[in-house]
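Here are the chains, one letter per residue:
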Amino acid sequence: MSSGRLLAASLVGATVALVTIGTLWPNASAAAYASGEHFSESTSTPEAAVQSLGEEIRAQAWDRAYSSLANKAQFTEAQFQRDLTSYYPDLRTYATLSSFEVQPLHASDTDAKVQLKMHWSTVVGPSLSSRELHLIKNGNEWQVEWPIKKEAVVPPQVIPVNYLRWDVINRTAGDDWGAQDVEAPHVRIVDMHPVQRAEGLVLLGELLNEDVVPAYVSVTATLISKDQKPIETEGSFDEISHQLLPKQVTPFLIRFPNVSLSDVASVRMNPFSTLVPASADPVIEIEDEKLNPAPDASLTGQLTNQSGQIANVAHVLGTFYDKSGQVVWVGDEYVDHALLPQTPVAFNIHIPEDLARKISSERTVVATYSFGGSE
Amino acid sequence: MRARLPILVGGLSLGISAALGQSDDLRVPASIEAGAAFSIQCGGSGKATLYIAGPSQVIKRDVQLGETTWFPAGSLYNAGHYVVMLASPSSSQAGSLDVTPSKKPADLTFIAKPSRLQVALHNGITGTAYVFDNYKNLITTPVQVSFELSNPSTPAQTRTVQTRDGAAWIEMDSTSREGKDRFVAQVGNVSSERVVGQVPGDPCSLKMNARASGDKVQLQTDPVRDCSGNAVPDGTIVTFTESYNDVKSTVDVPLKQGIAKVDMPAQRGAIISVASGVVLGNQIRWEQ
């Protein structure tokens, strides 16, 4: 009993001591998050000035970051903040800057160029953005000229949208047991192909909604061993466009980490579909799609929202084919900016270097989500 | 030989008694129709209690031995095997009776699948009917069930099927016209109706036209129809793809009022194609 009291007293004492130490002598990053009182103050070099700005952005100390800028007369603090956190609700709105990199590009006695690479943590994973900053020397201090990107403003207008919408009424508990329920959408896997990668086995394929109603879809796969026993079951998670309108095709990718293709005798595919209320808008045009060769192989392009409704989050999925038309890879990217009507937003889907040479064509689809309901 | 005759008669009597499932003093009908009136005769004298127990039903009745006990219509209505027990202060006897479903159909449960399918599919629709009597007992004796699939624009398909173990099933073709078909199963004057939605199939001969619209090219499909001539429903996705040098533009456009329409960048020499699902349409080379 007495030893228990001693342990409790020791724990309380240690906690109090650690809290005191942490409060009086916090480390730099904790201080930046907590109070902003311990930011890197140095602006004696261009890199130090950008480092200080990065810390302030990470701590969301907008007033401090704004006041350090050389060109703050050109925009307001609110515009500066919205430039980083978005004007309209999107992935960036709910993101935090987890880390940043400072890379000097050019320097003279009076001005310099530094690249600031910002690694954001978003609800769908990491997102990278980069800004090339111009700095000027003001006395003994270097100051950043922030390259403000003012969001395109959609002029006030009425856009008539003759949109299609599907609503679903399911059977109720009071119905006769023989009464029909609404039929689940008919979907079909039109292509499936396993690929062995260093990190494991990957299943690639395409799923078609061959029905006349919208479908919420997902795909799971079970690997079967040579002795006919299941090895593992995995789903496509978000590497698929979950909502398919009639006759729409989505690629899918299912990862089986640490599984070798040589251990697999067969694969049991299980496409799932259910009826969901859906809207046929917004229509997103994918412009200037271009396959860029290695190094840094990628698929780039621009998304343009042709409807009047803002698409807050866009998920771009690229299906890559070889010369024979077989799927060799599926890549995706979440666009962290909202798609405003008629305002192009760039996307960039990374392609693994070793596969880039095999790719001869691609097909891109976009899934969008609007706040207040998925579209 | 004389000595053997009483043994033979006694054995036969016992055998018949056992076959009827009753003792000498308890005369129970071997079977009755569900809901029918029936009687049980109890031999002897004095008072006793009669129990009848079966699926979801138990009847207890005080009876006078030596008299016939009458049970009115509707007393036993759940089909199945029942045990009859007669308990008196001095002895107890047992028997059994079977309650069979009524032969007159009174209810029909009809399962039709699917509720929605493409037009012109052979044996695409299945219907299964279960025939019940007035007390919801499945009628296991063969009954003729007629199935009819009809819509206003095509002749009705009618077939008659005999039930087996209470169920009758059928496969039918979907018609070539889209719309809502009435699928009816009927036994006597009892019927059950389901609706089967027949929807257009894949687009057939998808064709688009292009015309200049400022610095854009306006692409528009002809009214999109399936191979039976039905209009493909609005909301169906049509994909327009424009390839120019190594650059491509793609738009997924839903059909609205039967056509898909979109503006794309006008690039001289661009190849523009159209597709819907796995169906490819025509290709245009833009030369303006």
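This is a predicted model, so every value here is computed, not measured. (Residues numbered from 1 in each chain as written. Chains lettered and ligands numbered in written order. Predicted model: local features only at pLDDT ≥ 70, side-chain atom pairs only at ≥ 80, totals over all residues.)

Side note on the overall build of chain B
We apply this condition: The numbering of helices and of strands both runs from the N terminus, where a helix is a DSSP run of H or I of at least 4 residues and a strand a run of E of at least 2. For the radius of gyration, the atom set is restricted to C-alpha positions; the globular benchmark scales as 2.2 Å times the number of residues to the power 0.38. With C-beta atoms placed from the backbone, a residue counts as buried when 20 or more other C-beta atoms lie within 10 Å of its own, as exposed when 12 or fewer do, and as partly exposed for counts between those limits.
Looking only at helices and strands, chain B has 1 helix and 25 strands in total. The C-alpha atoms of chain B give a radius of gyration of 36 Å, which is well past the 19 Å a tight globule of 288 residues would have. Each of the three principal axes of chain B carries a C-alpha extent, and together these read 120 × 40 × 35 Å. Counting across all 288 residues of chain B, residues that qualify as buried make up 34%.

Focus: the domain arrangement of chain A
Residue and element names in this part refer to chain A. Operational definition: An automatic or database domain assignment provides the domain bounds reported here.
Partitioning chain A into structural domains gives domain 1 (24–145), domain 2 (180–278) and domain 3 (279–374). Once you take the C-alpha centre of each, domain 2 and domain 3 turn out to be 20 Å apart. Taken together, the elements giving at least two residues each to the side of domain 2 that touches domain 3 come down to β6 (187–197), β7 (200–209) and β11 (249–257). Tallying contributions element by element places β11 first for the side of domain 2 that touches domain 3, with 4 residues.

Description of the sheet that holds strand β8 (residues 92–100) of chain B
All names here are of chain B. Test applied: In short, DSSP must find at least two bridges between two strands for them to pair. Axis definition: a line fitted to C-alpha atoms, limited for helices to the stretch in contact. Angles are taken between N-to-C directions and run from 0 to 180 degrees.
If you walk across this open sheet you meet the 5 strands as β2-β8-β7-β4-β5, and the pairing is mixed. Edge positions in the open sheet fall to β2 (31–33) and β5 (57–64), since each of these has one partner strand only. For this sheet, the mean inter-axis angle between neighbouring strands, taken without regard to orientation, is 25°. The sheet contact formed by strand β4 (residues 47–54) and β5 spans 8 bridges and is antiparallel.

Here's the deal with the nonpolar core
Most often, soluble globular proteins have nonpolar side chains that are buried together. Formally: Nonpolar core, as used here: buried Ala, Val, Leu, Ile, Met, Phe, Trp, Tyr and Cys residues forming one set through C-beta atoms within 7 Å. Throughout, a residue-residue contact means that the two C-beta atoms, derived from backbone geometry, are no farther apart than 7 Å.
Within the largest apolar cluster, 78 residues are counted, with the highest numbers of intra-cluster contacts made by A:Leu303, A:Ala314 and B:Phe240. Ranked by the residues each element gives to this core, the list is headed by β7(A), at 6 residues. Excluding anything up to four places from it in sequence, B:Phe240 contacts B:Leu219, B:Val251, B:Val253, B:Val262, B:Met264, B:Ile272 and B:Val274. Residues B:Phe110, B:Ile139, B:Val145 and B:Phe147 belong to the second largest nonpolar core, which totals 21 residues.

Points about the environment of A:Ser121
All names here are of chain A. One can find Ser121 in strand β2 (residues 111–122). Measuring from C-alpha to C-alpha, the distance between Ser121 and Leu97 comes to 6.2 Å, with 24 residues separating the pair along the chain. Excluding anything up to four places from it in sequence, Ser121 contacts Ala95, Thr96, Ser98 and Pro126.

Some words on the interface of chain B and chain A
Threshold: Asp, Glu, Lys and Arg are counted as charged, while Ala, Val, Leu, Ile, Met, Phe, Trp, Tyr, Cys and Pro are counted as nonpolar; the rest, among them Gly, fall into the polar class.
Between chain B and chain A, the residue contacts involve 29 residues of the former and 29 residues of the latter. Listing elements by their share of the side of chain B that touches chain A, those giving two or more residues are β9 (107–113), β16 (190–199) and β22 (247–254) of chain B. A total of 8 residues in the side of chain B that touches chain A trace back to one element, the largest contributor, which is β22(B). Split into classes, the residues belonging to the side of chain B that touches chain A amount to 14 nonpolar, 8 polar and 7 charged. In terms of strand pairing, strand β14 (residues 284–292) of chain A meets β22(B) through 4 bridges, oriented antiparallel. Each residue of the ladder has a partner; that of A:Glu285, found in β22(B), is B:Val251.

Some details on the environment of B:Val253
The topology assignment puts B:Val253 in strand β22. By C-beta crowding, B:Val253 is classed as buried, having 23 other C-beta atoms within 10 Å. Taking C-alpha positions, B:Val253 is 84 Å from B:Asp25, a pair spaced 228 residues apart along the chain. Setting aside residues up to four positions removed in sequence, B:Val253 forms contacts with A:Val283, B:Val238, B:Phe240, B:Ala260, B:Lys261 and B:Val262.

Quick look at helix α3 (residues 46–58) of chain A
Residue and element names in this part refer to chain A. For clarity, the cut-off: How far a helix is expected to stretch is found by multiplying one less than its residue total by 1.5 Å.
The first and last C-alpha atoms of α3 sit 18 Å apart over 13 residues, in line with the 18 Å expected at 1.5 Å per residue. Counted residue by residue, α3 has 11 buried out of 13 residues, so it is predominantly covered. What α3 keeps buried is the set Pro46, Ala49, Val50, Gln51, Ser52, Leu53, Gly54, Glu55, Glu56, Ile57 and Arg58. Phi for Gln60, located one or two positions after α3, is positive at around 55°.

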